[in-house]
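# Topology and contacts: notes
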Amino acid sequence: MTETGIRRATIEDVPACARVISTWMDETDWMPPELPQEELEALIREAFPAREIWVAGDPLDCYMSVDPKAGKVGALYCLRTGQGIGKRLLDKAKEGRQSLWLTAHEPNRDAQRFYRREGFVEAGRLPPEPPETLPVIRMEWHA
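Numbers given to residues run from 1 along each chain, matching the order in which its sequence is written. Local features in this predicted model are restricted to residues of pLDDT 70 or higher, and side-chain atom pairs are both shown and tallied only at a pLDDT of 80 or more, whereas totals for entire chains, interfaces and linings draw on every residue. Excluding hydrogens and water, the side-chain figures rest on all heavy atoms present in the structure.

Basic side-chain nitrogens of Lys or Arg form a salt bridge, by our definition, when they fall within 4 Å of a carboxyl oxygen of Asp or Glu. Across all of its chains, the model carries 13 salt bridges by this definition. Note that Arg51 and Asp67 form a salt bridge whose closest N and O atoms lie 3.6 Å from each other. Pair noted here: Arg51 is in the loop between α2 (37-47) and β2 (52-57) and Asp67 is in strand β3 (residues 60-67), with a separation of 16 residues, a long-range link. Accessible area is worked out with a 1.4 Å probe on protein chains only. A residue is then buried under 20% of its type maximum, exposed over 50%, and partly exposed in between. Judged by relative accessible area, which is 18%, Asp67 ranks as buried. Put simply, Arg125 and Glu106 hold a salt bridge, and the shortest N to O gap is 3.1 Å. What counts as a helix is a DSSP run of H or I of at least four residues, what counts as a strand is a run of E of at least two, and both are numbered from the N terminus.

On to the pairing of β3, then. Most of β3 is tucked away, with 8 of its 8 residues classed as buried. We call two strands paired when DSSP finds no fewer than two bridges between them. Pairing of β2 with β3 involves 6 bridges; the strand directions are antiparallel. Counted as the bridge partner of Ile53 is Ser65 from β3. Strand direction decides the pairing type here: β3 and strand β4 (residues 72-78), joined by 6 bridges, are antiparallel. By the bridge assignment, Val66 is partnered in β4 with Val73.

Now for the pairing of β4. Regular strands have side chains that alternate between both faces of the sheet. Among the 7 residues of β4, 5 are classified as buried, and the element is accordingly described as predominantly covered. Count of turn residues in the β3/β4 antiparallel hairpin: 4 residues, of which Gly71 carries a positive phi of about 65°. Bridge count between β4 and strand β5 (residues 99-105): 2 bridges; the pairing is parallel. The partner of Lys72 across the bridge, within β5, is Trp101. In this region the chain leaves β4, passes through helix α3 (residues 85-94) and returns to the parallel neighbour β5; the handedness of that crossover is right-handed. A clockwise course of the path from the first strand over the helix to the second, judged with the strands pointing away from the viewer, identifies a crossover as right-handed.

By nonpolar core is meant a set of buried Ala, Val, Leu, Ile, Met, Phe, Trp, Tyr and Cys residues that side-chain atoms within 4.5 Å join together. In terms of nonpolar packing, the biggest core is built from 23 residues, with Met64, Val73, Leu76, Leu89, Tyr115 and Phe120 touching the most fellow members. When contributions to this core are tallied by element, the ones reaching two or more residues are β2, β3, β4, α3, β5, α4 (109-117) and β7 (136-142). The dominant element in this core, judged by the number of residues it contributes, is α3, at 4 residues. Whether two residues are in contact is decided by their heavy atoms, any of which lying within 4.5 Å being enough. Other than its neighbours up to four places away in sequence, Phe120 contacts Leu90, Lys94, Leu100, Trp101, Leu102, Tyr115, Met139, Glu140 and Trp141. Core analysis: the next-biggest nonpolar cluster, separate from the first, contains 20 residues, Ala9, Phe48, Leu60 and Leu134 among them.

Let us look at unusual backbone geometry. That bond from Asp58 to Pro59 is cis: its omega, 10°, falls within 30 degrees of zero. Positionally, Pro59 belongs in the loop between β2 and β3.

Encoded structure:
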């Protein structure tokens with residue numbers, strides 16, 4: 001781990017990344033189960049070569065995936081909240097970029113507040129795209 005506890009993921013981290021998402025879905029009362037952990041793992045493994053994936057925790061309990069070509073934060077899940085890890089992950093995503101975008105589930109008010117504190121603004125609302133079942137809010141950040 002680095003001094004901030006954040007490091008680039010390796011392919012060996014993929015199962016733990018899928019576990020973080022699966023655990024978050026299980027612990028979030030408004031989140032319907034969308035994909036089983038095995039399918040999440042397959043999707044992360046498939047996307048791994050084209051993404052910047054950052055993780056934190058030992059055992060791993062925070063995960064962020066960035067699509068560098070699209071400038072999109074595709075995933076940011078932390079099972080430990082209130083310790084600044086999400087902020088440090090987003091700071092890592094912002095490094096060397098002038099803009100980023102992401103989507104937050106419409107019912108996830110805590111995430112929306114967090115992203116606003118980090119300089120993101122709402123840029124529109126979108127219907128769910130399968131396998132998603134909840135509408136999302138597009139949020140953008142510009143340096």
